[in-house]
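Take a look at the letters that make up each chain.
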Amino acid sequence: MVGGEAIKGTKDLVSLWVHETSRVFQDRLTDQKDVEWYSGILEEGLKTHFKTKLKDIYSDINQEDKADRGKQKLLIYSDFGDNKGKKMYKQVMGITKYRAIVENQLEDYNSMTTSGKMN
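To keep things clear, this report deals only with the structure shown in the data block. Just so it is clear, the structure is predicted and the values come from calculations on it, not from any experiment.

Calculation rules
Residues numbered from 1 in each chain as written. Predicted model: local features only at pLDDT ≥ 70, side-chain atom pairs only at ≥ 80, totals over all residues. Heavy atoms only, no water. Helix = DSSP H or I, 4+ residues; strand = E, 2+ residues; numbered from the N terminus. Buried < 20%, exposed > 50% of the residue type's maximum accessible area, 1.4 Å probe, protein only. Areas by Shrake-Rupley, 256 points an atom, 1.4 Å probe, with all protein chains shown as cover. Lys, Arg positive; Asp, Glu negative; His and termini not counted. Charge placed at Lys NZ, Arg CZ, Asp CG, Glu CD. Core = buried A, V, L, I, M, F, W, Y, C linked by side-chain atoms within 4.5 Å. Contact = heavy atoms within 4.5 Å. Expected span 1.5 Å × (residues − 1). Polar contact = N/O pair within 3.5 Å; in protein donor to acceptor, adjacent residues only side chain to side chain. Phe/Tyr/Trp six-rings, centres within 6.5 Å; stacked < 30°, edge-to-face > 60°. Salt bridge = Lys/Arg side-chain N within 4 Å of Asp/Glu carboxyl O.

## Focus on the overall build of the protein chain
Piece 1. In terms of regular secondary structure, the protein chain is built from four helices and two strands.
Piece 2. Looking at the protein chain as a whole, 28% of its 119 residues are labelled buried.
Piece 3. Summed over all atoms, the accessible surface of the protein chain reaches about 8,500 Å², with 55% contributed by carbon and sulfur.
Piece 4. Treating the 20 positive side-chain charges of the protein chain as one cloud and the 19 negative ones as another, the clouds have centres 4 Å apart.

## Here's the deal with the nonpolar core
Piece 1. Within the largest apolar cluster, 12 residues are counted, these being Val14, Leu16, Val18, Tyr38, Leu42, Leu46, Leu54, Ile57, Ile61, Leu75, Tyr77 and Tyr89.
Piece 2. In contact with Ile61, not counting residues within four places along its chain, are Lys73, Leu74, Leu75, Gln91 and Met93.

## Remarks on unusual backbone geometry
Piece 1. Within the chain, Lys51 stands out as a residue other than glycine whose phi angle is a positive 55°.
Piece 2. On the secondary structure map, Lys51 appears in the loop between α2 (32-50) and α3 (54-57).
Piece 3. Looking at Lys51, the relative accessible area reads 69%, which means it is exposed.

## As for helix α1 (residues 10-24)
Residue pairs spaced three or four apart in an α-helix point in one direction, given the helix's 3.6 residues per turn.
Piece 1. Compared with an ideal rise of 1.5 Å per residue, which puts 15 residues at 21 Å, α1 spans 21 Å between its outermost C-alpha atoms and is within 8% of the ideal.
Piece 2. Residues Val14, Ser15, Leu16, Val18, His19, Thr21 and Ser22 constitute the buried set of α1.

## With respect to the side chain of Thr21
Piece 1. Structurally, Thr21 is set in helix α1.
Piece 2. At 3.2 Å, the side chain of Thr21 forms a polar contact with the side chain of Tyr38.
Piece 3. Residues contacting Thr21, with those up to four places away along its chain left out, are Gln26, Tyr38 and Leu42.

## Some details on the packing of aromatic side chains
Piece 1. The full count for this structure, using the stated rule, is two aromatic pairs.
Piece 2. Summarising the aromatic geometry, the rings of Tyr77 and Tyr89 are spaced 5.7 Å apart at their centres and angled 35° between planes, so their arrangement reads as tilted. Residue Tyr77 is located in strand β1 (residues 76-78), and its partner Tyr89 is located in the loop between β1 and β2 (90-92); the two are separated by 12 residues in the primary sequence.

## Concerning the pattern of salt bridges
Piece 1. Throughout the structure, instances matching the rule amount to three salt bridges.
Piece 2. The partner of Lys11 in a salt bridge is Asp60, and the shortest N-O contact between them spans 3.0 Å. Of the two residues, Lys11 sits in helix α1 while Asp60 sits in the loop between α3 and β1, which places them 49 residues apart along the sequence.
Piece 3. Measuring nitrogen to oxygen at the nearest pair gives 2.9 Å for the salt bridge that ties Arg99 to Glu103.

What follows is the structure, given as C-alpha cells:
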C-alpha cells in the first residue's frame, strides 16, 4: 500500500495512476497496434483529466543517480526499494541502485529457501 510519504503531490499520484493502469491494461496487450492504442488513450487521459503529458511523468526518473542518466526511463513502483526493512510501496527513481537492492533481496531469498534457488 502506498503511504503518505510516497505521495507528496499531484505528480506523484498521477505517476502511480499511470503505473497501475499500465500494469493492469498495457501489460496484457500482445499486439504493438494495441499497445499504441492504449498509449494514445493514456496520453489523452493525462491531458484531459490531469493537464499533463506522459513525458512529464517520466521527467524525474533516473535523475538521482549519475549512473542512471541517459538510460531508459522505466516507471517502476516497489515495496522493497529502500532496502531498510520498511514495506512502503513507492516509485523507483534510479535503476542502478534498484538493481543492487533487487540482487540483494534475491541473495537473501536464495540463502533462506530450501525449495530451489532463483536467479
